[in-house]
Amino acid sequence: MYKLTQKSYIAGTWVSPKGEAFQAQNPATQELLSEHNNCLESEINSAMEAAQQAYPVFNQLSPVDHANFLIAIAEEIEALGDQLLEVCNQETGLGLPRLTGERGRTTGQIKAFAEIVKNASWVQASIDTAEPERAPLPKPDLRKMLKSIGPVAVFGASNFPFAFGTLGGDTISALAAGNPVIVKGHPSHPATNELFAYAIGNAISRCELPQGVFSLLQGNAIPLSVQLVCHPLTEAVGFTGSLTGGRAIMDATAKRAKPIPVFAEMGSVNPMFFTNNVLTQSAESLAKALAGSVCMGTGQFCTSPGVIVIQKNDSFVNTLAETMSANPKGIMLNAGIGQAFLKGIQEFIATGEVEWVNNDEASLTSTTDNALLPPNVVLKTTASAFLKNPQLQSEVFGPATLVVECDDDVQFTQIAQGLEGNLTVSIHAVDEDNALVKELIVLLEQNTGRIIFNGFPTGVEVCGSQHHGGPYPASSNGSTTSVGIDAIHRFTRVVAYQSTPAQLLPAALQNANPYNIVRRVNGKFSSQSI
Ligand code: NAP
């Protein structure tokens, strides 16, 4: 069993930073947990300099050695055993079954990256051979591939302490591409962060890699985050969290003398459209299933359904409200998130256009005493109010959903057109709705990362064809995904080699094709040697 130290981990050394102290809270008992201290500029500098030194060695690892490192990380996470689950449960209140599942998803994700790193195919090698006789000008030999980008700063979210945490998808995809990673630990679960740092430290030692490949900076101070992303040696940022946090990181990074890419995956309201025909057939069962999706994980998922578009249907709304009220209350991740949830509900009601269907304001006031245990909330508004008030598209992170009642199909399409960027949009429809649904799809393709049919947005499959991203404000770059193996492409840069002597080319671009990878050779995909 690892003995927790409340320290930060800078390139293989545990340090006690001198910044202000902070404490996480057990959301189930409200007990304050061990004190940690904020890292300061000196720790950022040490971590970044070590990362810069480690980079040339780390990025030249053979595919097999690189994959073995990732496997070693997964093994070291597994070796933490129940301690990881128990410590994290204390800090997040997410419960052991959920955390056990999330740990499996996290180590599974790491192993999937190890697989693609081992076969080296992710580099998207492309070769155009020379045509010296071409007239009027000879064509040079040109070859290109993806290469690592350099030290990456990573910020995880509180609601996925494993899958989007210290060794979550952002860190692992950056490491898989050959980049050192410096994590700014989430202050809601610092002991969990420390356990992960211990695990990756062991993996680094086992694989005899330079220690600067990984550092963990604990802290909860905004200047720490800003200094990290503005450090001259930081080459990219991976962020998962709220729109407020992501936007702050994007804005701070935009002021750098040298711009760098920021891949921020942020909040989303994940609208769902239910056609009249589908509700005529199964209003009650869909309302019950929807209540389950909204309340899952106390609504603390970036894919939680926050906007429900229907034509007026009292049976659907009443069943949704009754089921949500009957569902047990869940625990919020931390007091800040709980308070933001209650404030969000109050702000919606304050517009004068939103009705709280399954409760009243008196109950909201009484719950402010314990923001960690909020009610399950169903709100309702009209399509015209929704269309004229952009605030109603804000994420209220927690167990709440806003039903938007339309007068007709025309308002359905107006809403589809007026949506901001979202990670997902779902459509529940039957065959007779195909004309309407086709119209919706054309509009939703403009503002949505993933369109789901007759399903619910919670539960994200981790596989190669997954796309977890969307136009702003869902993410800073709708072309990339933070889930699935394509997440690796974010932390890379293309390098082309022109007329390069054969013996100087990277192995992936050599004529012999030593890794047997599929390459585009003179416009055709092939795994043959040249
Ligand atoms: P958060 O408050 O934004 O925290 C994420 C990180 O950003 C933390 O390290 C936080 O550190 C830092 N941060 C927050 N505000 C900042 C600011 N103004 N300046 C600099 N750094 C800042 O997010 P969270 O509450 O933990 O997570 C819940 C949110 O994440 C929800 O909105 C959810 O939808 C979203 N999420 C999105 C995805 C996705 O894939 N799109 C996945 C999971 C969660 P400090 O607290 O120290 O400032």
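Quick notes on the rules
- Residues numbered from 1 in each chain as written.
- Predicted model: local features only at pLDDT ≥ 70, side-chain atom pairs only at ≥ 80, totals over all residues.
- Heavy atoms only, no water.
- Pairing = 2+ DSSP bridges.
- Helix = DSSP H or I, 4+ residues; strand = E, 2+ residues; numbered from the N terminus.
- Contact = heavy atoms within 4.5 Å.
- Axes fitted to C-alpha atoms, helices over the stretch in contact; angles between N-to-C directions.
- Phe/Tyr/Trp six-rings, centres within 6.5 Å; stacked < 30°, edge-to-face > 60°.
- Lys NZ or Arg CZ within 6 Å of the ring centre and 35° of its normal.
- Buried < 20%, exposed > 50% of the residue type's maximum accessible area, 1.4 Å probe, protein only.
- Near = heavy atom within 4 Å.
- Polar contact = N/O pair within 3.5 Å; in protein donor to acceptor, adjacent residues only side chain to side chain.
- Areas by Shrake-Rupley, 256 points an atom, 1.4 Å probe, with all protein chains shown as cover.
- Nonpolar A, V, L, I, M, F, W, Y, C, P; charged D, E, K, R; others polar.
- Core = buried A, V, L, I, M, F, W, Y, C linked by side-chain atoms within 4.5 Å.
- Domains from an automatic or database assignment.

Topic: the sheet that holds strand 14 (residues 355–356)
No. 1: The strand order across the open sheet built from seven strands is 14-15-16-13-12-17-18, with neighbouring strands paired in mixed fashion. Each having just a single partner strand, strand 14 and strand 18 (448–453) make up the two edges of the open sheet.
No. 2: Examined bridge by bridge, strand 17 (residues 422–428) and strand 18 share five bridges and lie parallel to one another. Bridge pairing links V425 to I451 in strand 18.
No. 3: Helix-sheet contacts for helix 10 (residues 314–326) involve strand 12 (272–274), strand 13 (307–311), strand 15 (377–382) and strand 16 (400–406), and the interaxial angle to strand 15 is about 155 degrees.

Focus on the packing of aromatic side chains
No. 1: This structure, assessed with the given rule, holds twelve aromatic pairs.
No. 2: Through successive ring pairs, a cluster of aromatic residues spans Y2, Y9, W14, Y198 and F214.
No. 3: Positioned above the aromatic ring of F160, the side-chain terminus of R98 is 4.8 Å from the ring centre.
No. 4: Residue placement shows R105 over the ring face of F160; its charged tip is 5.3 Å from the ring centre.

Here we look at the environment of E284
No. 1: Tracing the sequence through the fold places E284 in helix 9 (residues 276–295).
No. 2: Under the relative-accessibility criterion, E284 is labelled partly exposed at 46%.
No. 3: Sequence spacing of E284 and S315 is 31 residues, and the spatial spacing of their C-alpha atoms is 7.0 Å.
No. 4: Residue contacts for E284: discarding those within four places in its chain leaves S315 and T319.

Things to note about the site of the ligand
No. 1: Near the ligand, the surroundings consist of 29 residues, among which S158, K184, H186, S242 and E395 are the closest.
No. 2: Contacts to the ligand include S242, whose side-chain N or O atom sits 2.5 Å from an oxygen atom.
No. 3: Within the side chain of E395, an N or O atom sits 2.6 Å from an oxygen atom of the ligand.
No. 4: Protein contacts shield 89% of the accessible area of the ligand, which totals 890 Å² for the unbound molecule.
No. 5: Elements that contribute at least two residues to the shell around the ligand include exactly helix 7 (222–230), strand 10 (236–240) and helix 8 (243–254).
No. 6: It is helix 8 that provides the largest number of residues to the shell around the ligand, a total of three residues.
No. 7: For the shell around the ligand, the residue count by class is 13 nonpolar, 13 polar and three charged.

What about the nonpolar core?
No. 1: F69, L70, I73, L175, F214, F273 and I415 are the most contacted members of the largest nonpolar core, which has 104 residues in total.
No. 2: Sorting elements by how many residues they give to this core places helix 6 (residues 190–206) first, with eight residues.
No. 3: Looking at this core, you find at least three residues from each of domain 1 (36–120 + 136–266 + 481–489) and domain 2 (272–453).
No. 4: Apart from residues lying up to four places away in sequence, F69 is in contact with F58, L175, I200, A203, I204, C207, L209 and V213.
No. 5: I182, L217, I249 and A264 belong to the second-largest nonpolar core, a separate cluster that totals 22 residues.

Considering unusual backbone geometry
No. 1: In this chain, A135 is followed by P136 through a cis amide linkage whose omega measures 0 degrees.
No. 2: Considering the arrangement of structural elements, one finds P136 in the loop between strand 5 (126–128) and strand 6 (142–148).
No. 3: In the segment running from Y472 into P473, the intervening peptide bond is cis, with an omega of 10 degrees.
No. 4: Of note in the backbone geometry, T298 takes a positive phi value of approximately 55 degrees without being a glycine.
No. 5: On the secondary structure map, T298 appears in the loop between helix 9 and strand 13.

Things to note about the sheet that holds strand 20 (residues 519–521)
No. 1: Judged by pairing direction, the sheet is mixed, and its five strands sit side by side in the order 19-6-5-20-21 without closing on themselves. Each edge of the open sheet carries a strand with a single partner, namely strand 19 (492–498) and strand 21 (524–526). Taking the axes of each pair of neighbouring strands and ignoring which way they run, one obtains an average angle of 25 degrees across the sheet.
No. 2: The sheet contact formed by strand 5 and strand 6 spans three bridges and is antiparallel. In the strand pairing of strand 6, S126 is matched with K144.

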